[in-house]
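Here is what each chain is made of, one letter per residue.
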Amino acid sequence: MSDVILETRDLTKEFKGFTAVNQVNLQVQRGHIHALIGPNGAGKTTCFNLLTKFLSPSGGRILFNGADITGLKPAQIARRGIIRSFQISAVFPHMTVLENVRIGLQRALGTSFYFWRSEGSLSQLNDRAMQLLAEVDLEEFAGSVTADLPYGRKRALEIATTLAMEPELMLLDEPTQGMGHEDVHRVTALIKKVAAGRTILMVEHNMNVVSGICDRISVLQRGAVLAEGTYGDVSRNPQVVEAYMGSADGHLAGAHG
């Protein structure tokens, strides 16, 4: 059996009688790109919020590297190495691209509250910041103000700032949301590149992205796991096709909902 980095056991979240996540059992293998997919309202983002402790579960357990982390706070989860990149670009718009990555590196050093430190003391981080920008193909934008970046490049920067935190497990929340075809292609290639030697769990609507890069896929419907396996496995599953298309005659590849 492969090495399981993250596991949930009967993970459940109820909101005043509504069960958003219903006894979900996930196993994410180390080194894999694992996708959570499903129709709108299936519980994918709630699942992410539980894993990062932005929400507390109503029941069940979360294990990371075999240790029970269910009771930890968000900052403790991050220190363990579970780092989430948000669906809405979580970068400082009026800072340069390089400065944004340096802040991520400061957080990793535990000096995140020293925003007033001199430029000199921060310049030691520049080499590492430039390495990260190279990894996401943003070197040429290092001096650009973040607000001026095209949307797809902002998402690439967000991945760089996530990498600055040295994640053992990266959670990507709809990384290609709202992108044109060219940006989707670029960001998909980028995710595949940065996945080398890392583990990624992602929520994604675009089936072309999922089919192209994911090792394993968990399909959620109404808060529960409907199916799990490779893209080939789940795309041929009649229940999955019906959940996406409302008819067993539909085809999953066209479903972005």
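The structure displayed is predicted, hence computed values, not measured ones.

Cut-offs applied
- Position labels on residues start from 1 in each chain and follow its written sequence.
- Whole-chain, interface and lining totals are the exception, using all residues; otherwise, since this is a predicted model, local features are given only for residues with pLDDT of at least 70 and side-chain atom pairs are given and counted only at 80 or more.
- Side-chain numbers here rest on the full set of heavy atoms in the structure, without hydrogens or water.
- Only protein chains enter the area calculation, which uses a 1.4 Å probe; residues under 20% of their type maximum are buried, those over 50% are exposed, and those in between are partly exposed.
- Under the DSSP-based scheme used, a helix requires at least four consecutive residues in state H or I and a strand at least two consecutive residues in state E, with every element numbered from the N terminus.
- The arc under discussion is defined with respect to the helix axis, by the directions toward the C-beta atoms.
- Pairing between strands is defined by DSSP: at least two bridges between them are needed.
- Here, two residues are considered to be in contact whenever any of their heavy atoms come within 4.5 Å of each other.
- In this analysis, axes come from line fits to C-alpha atoms, helices being fitted only over the stretch in contact, and the angle between any two N-to-C directions falls in the range 0 to 180 degrees.
- Roughly parallel means an angle under 35 degrees; roughly antiparallel means over 145; roughly perpendicular covers 65 to 115; every other angle is labelled oblique.
- By definition, any crossing whose near helix is turned counterclockwise from its far helix by less than a right angle is left-handed, and any crossing with a clockwise turn is right-handed.
- Working definition: rings of Phe, Tyr and Trp (its six-membered ring) pair if their centres are within 6.5 Å, and the pair is stacked with planes under 30 degrees apart, edge-to-face with planes over 60 apart, and tilted otherwise.
- Our definition puts a charge over a ring when NZ of Lys or CZ of Arg is within 6 Å of the ring centre and also within 35 degrees of the ring normal.
- For this document, the term salt bridge refers to a Lys or Arg side-chain nitrogen within 4 Å of an Asp or Glu carboxyl oxygen.

K.L.:
Please give an account of helix α5 (residues 126–135) that cites residues and values.
P.N.:
Of all the positions in α5, only N126, A129, L132 and L133 are classed as buried. Looking straight down α5, one finds that the buried residues subtend no more than 120 degrees of arc, so they occupy a single side. D137 sits one or two residues past α5 and shows a positive phi near 60 degrees.

K.L.:
Go over the sheet that holds strand β5 (residues 67–68), please, and point to the residues and values.
P.N.:
Strands sit in the order β2-β1-β4-β5 across an open sheet of 4 strands; the sheet is antiparallel. Each edge of the sheet is formed by a strand with only one pairing partner; in this case those strands are β2 (18–29) and β5. Sheet topology note: the strand β4 (residues 59–64)/β5 ladder contains 2 bridges and is antiparallel. Within the sheet, the bridge partner assigned to F64 lies in β5 and is A67. Those strands touched by helix α1 (residues 44–51) are β1 (4–15), β2 and β4, and its axis lies near 115 degrees from that of β1.

K.L.:
So what's going on with the packing of helix α6 (residues 151–164) against helix α7 (residues 181–194)? Residues and values would help.
P.N.:
Where α6 meets α7, the closest approach of the two axes is 9 Å, and the angle between their N-to-C directions is 15 degrees. It follows from the interaxial angle that α6 and α7 lie roughly parallel. α6 and α7 meet at a crossing whose hand is right-handed. Facing G152, R153, A156, I159 and L163 of α6, the residues of α7 in contact are D183, R186, V187, L190, I191 and V194.

K.L.:
An account of the packing of aromatic side chains is needed here, citing residue identities and associated values.
P.N.:
Evaluation of the coordinates by the stated rule reveals 0 aromatic pairs. When the ring centre of F15 is taken as reference, the NZ or CZ atom of K13 above it lies at 5.3 Å. Stacked on the ring of F54, the Lys or Arg R84 has its end atom at 5.9 Å from the ring centre.

K.L.:
Can you explain the pattern of salt bridges? Please cite residues and give values.
P.N.:
One pass over the structure, following the stated rule, counts 12 salt bridges. Here E168 makes a salt bridge to R30, at a shortest N to O gap of 2.9 Å. Placement of the pair is E168 in the loop between α6 and β7 (169–173) and R30 in the loop between β2 and β3 (33–37), with a sequence separation of 138 residues. Here E168 falls in the partly exposed class, since its relative accessible area comes to 31%. For E182, the salt bridge is made with R186, and the minimal N-O distance between the two is 3.5 Å. Separated by 4 residues within a single helix, E182 and R186 lie in helix α7, roughly one turn from each other. Judged by its relative accessible area of 59%, E182 is exposed. Ionic contacts of the salt-bridge type, sharing partners, join the residues D3, R30 and E168 into one network.

K.L.:
I'd like a rundown of the sheet that holds strand β9 (residues 216–221), residues and numbers included.
P.N.:
Across the sheet, 6 strands lie side by side as β6-β7-β8-β3-β9-β10; this open sheet has mixed pairing. For this open sheet the edge positions go to β6 (82–85) and β10 (224–229), each flanked by a neighbour on one side alone. Recorded for the sheet is a direction-independent mean angle of 20 degrees between the axes of neighbouring strands. Summarising the sheet, β9 and β10 pair through 5 bridges and their orientation is antiparallel. Residue pairing in the sheet places I217 in a bridge with G229 of β10.

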